[in-house]
Amino acid sequence: MTTWGNIAALDHGTWIDSQEWNALLADPQPERPLVWYASIDDVATEWQDLEGIGHLAQLVNGLPHAGDFMVVQDEDPETRYAQTMRVDGGSYTVEIGMCVPNGALNLRIGKGAAAANEPNSPDEPVTAVQKLNPAETIQVLMSWASGAGLPAGYAGAIHSYT
């Protein structure tokens, strides 16, 4: 099956089967299966399978209040994760991470190259650059889940949990 990662690795000019391409566009799937859980009003769900990358939009839009959040990750072994939390004013903060021995490298995502210089530690508040609207949040999460990394126009401030 063709995946976004397979396509990204192709040489320029390589033909892609149109049926596989259309299926990928209609229902893109993560490189590896992903699971998610959410916490709404301080009540956490159980871990569940992500039902395709498009499912992320439903999950983001299902976070009704500031402080509600969700986490998406792969497992067995856990190699990467993403998390988003709704903040005041209907904005969201998004963090993506890569698991490394004895910890993780975490990026707090923001708009533009300046986001790489913004604060990113658990005790520092989200800045205006790091507040994303729902569409931006979904775009970043879908790109990450597909294995494509950050979409153009976004950067991240790194924090090491090691």
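No experiment lies behind these values; they were computed from the predicted model shown.

Draft legend 1. Local environment of the nonpolar core. Within the largest apolar cluster, 23 residues are counted, with the highest numbers of intra-cluster contacts made by L56, M70 and V72. Elements with a minimum of two residues in this core: strand 1 (35–40), helix 3 (55–61), strand 4 (69–73), strand 6 (92–100) and helix 4 (134–145). Excluding residues within four positions of it along the chain, M70 makes contact with Y37, A38, L56, L59, V60, L63, A82, Q83, T84 and L141.

Draft legend 2. Focus on the pattern of salt bridges. As enumerated under the stated definition, the model contains three salt bridges in all. Note that R32 is salt-bridged to D74, the shortest N-O span being 2.7 Å. Placement of the pair is R32 in the loop between helix 2 (18–26) and strand 1 and D74 in the loop between strand 4 and strand 5 (80–86), with a sequence separation of 42 residues. Taking the shortest distance from any N to any O, the salt bridge between R108 and E95 comes out at 3.2 Å. Within this pair, whereas R108 is found in strand 7 (residues 103–111), its partner E95 is found in strand 6, the two being separated by 13 residues in sequence. An identical accessibility class is assigned to R108 and E95; each is buried.

Draft legend 3. Just unusual backbone geometry, in detail. Residue P77 follows D76 across a cis peptide bond; omega there is 0°. Relative to the elements of secondary structure, P77 occurs in the loop between strand 4 and strand 5. Its identity as a non-glycine residue notwithstanding, D76 has a phi of 55°, on the positive side. Relative to the helices and strands, D76 is located in the loop between strand 4 and strand 5.

Draft legend 4. The arrangement of the packing of aromatic side chains in detail. For the coordinates displayed, the defined rule picks out two aromatic pairs. A ring pair is formed by Y37 and F69, whose centres lie 6.0 Å apart and whose planes are at 85°; its orientation type is edge-to-face. With a gap of 32 residues between them, Y37 in strand 1 and F69 in strand 4 connect regions that are remote in the sequence. Joined through ring pairs, the aromatic side chains of Y37, W47 and F69 make up one cluster. Lying over the aromatic face of W144, R80 brings its terminal NZ or CZ to 4.3 Å of the ring centre.

Draft legend 5. Looking closely at the environment of P64. Along the polypeptide, P64 turns up in the loop between helix 3 and strand 4. With relative accessibility at 40%, the residue P64 sits in the partly exposed group. Setting aside chain neighbours within four positions, we find P64 in contact with I40 and R86.

Draft legend 6. Region of interest: the side chain of S146. Relative to the helices and strands, S146 resides in the loop between helix 4 and strand 8 (154–161). Separated by 2.8 Å, the side chain of S146 and the backbone oxygen of S143 make a polar contact.

Draft legend 7. View of the pairing of strand 1. By the criterion of burial, strand 1 is predominantly enclosed, with five of the six residues buried. Sheet analysis places strand 1 next to strand 3 (residues 48–49), joined by two bridges and oriented antiparallel. Paired with W36 across the two strands is Q48, which belongs to strand 3. Two strands pair when backbone bridges link them, and strand 1 and strand 4 are joined in this way by five bridges, in the antiparallel orientation.

Cut-offs and rules
By convention here, each chain's residues receive numbers from 1 onward along its written sequence. For a predicted model such as this one, the threshold for reporting local features is a pLDDT of at least 70, and the threshold for listing and counting side-chain atom pairs is 80 or more; totals across whole chains, interfaces and linings nevertheless cover every residue. Based on all heavy atoms of the structure, the side-chain values leave hydrogens and waters out of the count. Nine residue types can take part in a nonpolar core, namely buried Ala, Val, Leu, Ile, Met, Phe, Trp, Tyr and Cys, and a core is a set of them joined through side-chain atoms within 4.5 Å. Relative accessibility decides the category of a residue: with a 1.4 Å probe and only protein chains considered, values under 20% of the type maximum give buried, values over 50% give exposed, and everything between is partly exposed. In this description a helix means any DSSP run of H or I spanning at least four residues, a strand means any run of E spanning at least two, and both kinds are numbered starting from the N terminus. In what follows, a contact means two residues having at least one pair of non-hydrogen atoms within 4.5 Å. Each reported salt bridge corresponds to a side-chain nitrogen of Lys or Arg within 4 Å of a carboxyl oxygen of Asp or Glu. We call Phe, Tyr and Trp rings a pair once their centres come within 6.5 Å, taking the six-membered ring for Trp, and we label the pair stacked below 30 degrees between planes, edge-to-face above 60, and tilted otherwise. Geometrically, a charge over a ring is one whose NZ (Lys) or CZ (Arg) sits within 6 Å of the ring centre while staying within 35 degrees of the ring normal. Throughout this description, a polar contact denotes any pair of N or O atoms lying within 3.5 Å of each other; where both atoms belong to protein, one of them has to be capable of donating a hydrogen while the other can accept it, and for residues adjacent in sequence the pair is counted only when both atoms sit in side chains. When DSSP finds two or more bridges between a pair of strands, those strands are recorded as paired.

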